[in-house]
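Summary of the model geometry
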Amino acid sequence: MAQARLFFLGALGILFTMASATAATLRWSGASDLPSWDVHAQNNALGNGIHAMVYEALFRYDERFQVVPELATGWKALSPTQMRITLRRGVRFQDGNAFGADDAVFSLQRAMDPASNFGVYTQGIARVVKVDDATIDIHTQGPNPVLLRQLTELRMMSKAWAEQHRSTTPKDLRSAEENHAHRHANGTGPYRLESWQPDVRLRLVENRDWWGLAAGRKTGNVSEVVYTPIKAEATRVAALLSGELDMVLDPAPADLPRLRATPQLKVLDGLENRTIFFGLDLFRDELPGSNIKGRNPLKDLRVRRALSQAIDAAAIQRSIMRGLSAPTGTLVPPQVAGWTKALDQRAPHDPAAAKRLMAEAGYAGGFEVDFACPNNRYINDEEICQAVAAMWARIGVKARLRTLPLVTYFPMLQRHEASIFMLGWGVPTFDALYALQSLVRSVGAQGDGNFNVGRYSNPQADALIERIKQESDPTLRTALMEQALVLAKQEVSHIPLHHQMIPWAMKRSVTMRHRADNRIDMPSVRVD
Amino acid sequence: MLAFILRRLAQAVAVMLTVAFIAFLLFQHVGDPITNLLGQDATSEQRAQLRAELGLDAPAPVQFVHFVGNALRGEFGLSLRQGRKVSTLIAERLPATLELALTAALLALALGIPMGVLAALKRGTALSQLLMTVSLLGVSLPTFLIGILLILLFSVWLNWLPSFGRGEVVALGSWWSTGWLSVDGWKHLVLPAVTLAVFQLALILRLVRAEMLEVLRSDYIRFARARGLSDRAVHFGHALRNTLVPVITITGLQLGSLIAFAIITETVFQWPGMGLLFIQAVSFADVPVMAAYLCLVALIFVAINLVVDLLYFAVDPRLRVERGAAGT
């Protein structure tokens, strides 16, 4: 009798486990909400990551950040400026309409609209043409070796749906009309948008008609996703500790030791696709507010090398970042094409050598310089800058630190008002051109040098970057990118500090893979 | 009477304009929403273009006149962060804040008055000392600390109450949503309401105690006792009633600050009210939302003050006589 009851209980237990294994809810949180559900409106990292659970693009990155087809099945360069893409057949949008070439052409054109912020992903695309119902041609202005990478962020929207709801252009911040696509969604992806109250709650439910189910893409068991933004760090972590949340995307660094020590929780550490570095005004002939008149000490390579060698990146990693950083000597993180281990090596921390370099450059007595940092943008940004200012003081450089919130910091940078400044740069294309073009290339049109705040300019680097833009042979192209990064490193165009780590905290029962792009690959997540 | 009301209204308008102007001046320095809107990849031409299109490149006085003109029509434009009408956003968030503030105010009154009376009547006893010490703590502890401590105790350790959000809400009509009608809503309301109420409760407790002690010393209480009335009738029939006039006034005025200063509580508990909207607007430099919020809060304060002034006018005959004399 007792045995029978035990058996019954055991069977019941198995039943319950099976039930929870087939349909699980993932409740997760981060500090902010996504700005819009319009997939072509705002290029926001969190938004793009969540959009990808509902909408799909022609290509995607796999877990090693290699480009693999998603709504495309094949691609072929017909000429250096014409790419033919075959579309996946049998895919349906969540409203039942079939996905076809019309939708693909429409979506890419919609992303090319001036009201879209996805210009960085559409740049170089001249036009998109339908060939037949399952084939399109993308014509580019010139050879474009990163086209497929760009396409990973351009998501597919139904043309019929957009027309029906008068949402054929992305949300326009200048108009007074709210766009239907801003708060509604209709993709082809693994989840469907069930409800969204901005800043309160976002609920996604499984799309049972997803083509990926048959293709074996769903390896996890999450059938419902609830995202609740919680702005206060302490509350976010408390909600995880109390069991109200399953996962927190951005726990505060100070809470990590406690979270690691909690038996029901675990922390996944991983590099973020973002590098923190210091930029330098290499344009002005005299730095505003400096005691050195008539010349700009930062233009002297020896001074720049001295500033770099004076920084003890390992100490910053240890005592400020609590281990959550990887010191680096280059401008791109390791997942990015063009990165090498040699590049990543920082020049050794050596205050004595730095002092000698300063003396050689004629600044044995040091100099005063303006130093600007954000105080709410990067992890521990203000603390890092205080430490760096102290390290520079040891070689005689009196960096007058001012810290600003990000809303005033970035406009100030764009006015070129800072002599030395902190900046972090992510590479969403996982291709070094993205960083080289924005940071190292001389300021020009079409995104060239658009965040080259210090106005560094080196014809040799510019020539290399122009070649990289055109080169379609992947091996040669990667070698060129490496060459450009080596040049920037030798010239100390910037002073790289470290790659940021982004720990994710979650219950032990949650299984997911940490990704450098800070996105959750929801179909592969398990909650047990 | 009419002259008095008109004068008060004119003052109210002056206050509103001043608030609008100060708020507007502040916004010139909170930063530039353009970077947030366009992201790190935009070119400087795109930035300049959007700045011009949003009218952010016009001189400050022109922007201000434009702003006041629109505000008079209840038009604060589109939120830069959410791309929706500011008036709609605020209307959506208003119920949450009002429910939180009202619950906190009622809680503070319902507990504060009896505790104040008790502290006055049992003056010098250990109980009274304890109440006074606790109220001192309530006045001096910062709100966010109280909130975090409550979360730690009731959510993390005891697991009794949720730590964030408003829970399940019931829609009443198309423009009001309430958490008062569901168990889940009440569970979510308890911690934030207590957090917000603590300061008010302590304030009311101390006020009631002080007023009560004052009244208990007055002549008519002594005469009432001389007439042989019971303690109960003296304390509650005569003393408390006269104590309540200033208490009600203060509570009314405090309601304004409960609504305005719910910001911290709302941030700690991710309570989806106007305060949270405001804080998020600040970190994004979402000027239209900040402007509308500050103007609305100023309006609430001005309106409450106006009502209180008018009530005084109706209640206190001396005021009428003085004004009348001054007017002739």
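Placed above this text is the structure.
Here the structure is a predicted model, which is why all the values come from computation and not from measurement.

Calculation rules
Residues numbered from 1 in each chain as written. Chains lettered and ligands numbered in written order. Predicted model: local features only at pLDDT ≥ 70, side-chain atom pairs only at ≥ 80, totals over all residues. Axes fitted to C-alpha atoms, helices over the stretch in contact; angles between N-to-C directions. Helix = DSSP H or I, 4+ residues; strand = E, 2+ residues; numbered from the N terminus. Left-handed = near helix turned anticlockwise from the far one by under 90°. Contact = placed C-beta atoms within 7 Å. Nonpolar A, V, L, I, M, F, W, Y, C, P; charged D, E, K, R; others polar. Buried ≥ 20, exposed ≤ 12 C-beta atoms within 10 Å, placed from the backbone. Core = buried A, V, L, I, M, F, W, Y, C linked by C-beta atoms within 7 Å. Pairing = 2+ DSSP bridges.

**A look at the packing of helix α17 (residues 433–440) of chain A against helix α18 (residues 459–470) of chain A**
Residues and elements named next belong to chain A. Closest axis-to-axis distance for the α17/α18 pair is 10 Å, and the angle between their directions is 145°. Considering only the axes of α17 and α18, their crossing is left-handed. Contacts between α17 and α18 pair L433, L436, Q437 and V440 from the former with A461, I465, I468 and K469 from the latter. Within the contact of α17 with α18, the residues separate by chemical class into 6 nonpolar, 1 polar and 1 charged.

**What to know about helix α9 (residues 233–241) of chain A**
Residues and elements named next belong to chain A. In terms of burial, α9 is a largely internal element, 7 of the 9 residues being buried. Of all the positions in α9, only T235, R236, V237, A238, A239, L240 and L241 are classed as buried. Downstream of α9 by a residue or two, G243 has a phi angle that is positive, lying close to 90°.

**Here we look at the environment of L464 of chain A**
Residues and elements named next belong to chain A. Position of L464 relative to the elements: it lies in helix α18. L464 sits 57 residues away from V407 along the chain, and the two C-alpha atoms are 34 Å apart. Setting aside anything within four residues of it in sequence, one finds L464 in contact with L480, Q483, A484 and L487.

**A word on the nonpolar core**
Ranked by size, the top nonpolar core spans 214 residues in total, and within it A432, L436 and A484 of chain A carry the most contacts. In terms of residues, this core owes the most to one element, helix α8 (residues 183–216) of chain B, which gives 15 residues. When sequence neighbours within four positions are dropped, the list of residues in contact with A432 of chain A reads V332, V336, A337, G338, W339, M481 and L485 of chain A.

**Quick word on the sheet that holds strand β12 (residues 265–268) of chain A**
Spatially, 7 strands are ordered β8-β9-β10-β1-β11-β19-β12 (chain A) in an open sheet, and the strand pairing comes out mixed. The sheet terminates laterally at β8 (191–197) and β12 of chain A, the two strands that pair on one side only.

**Some points on the sheet that holds strand β16 (residues 397–404) of chain A**
All names here are of chain A. The mixed open sheet is built from 6 strands, whose spatial order is β14-β18-β13-β17-β15-β16. The strands lining the two open edges of the sheet, one partner per strand, are β14 (325–327) and β16. The sheet shows a mean angle of 30° between the axes of neighbouring strands, direction not considered. Sheet analysis places strand β15 (residues 367–374) next to β16, joined by 8 bridges and oriented parallel. Counted as the bridge partner of P374 is L404 from β16. Here helix α12 (residues 313–320) sits on the sheet and contacts β14 and β18 (494–501); the angle it forms with β14, its principal contact strand, is near 170°.

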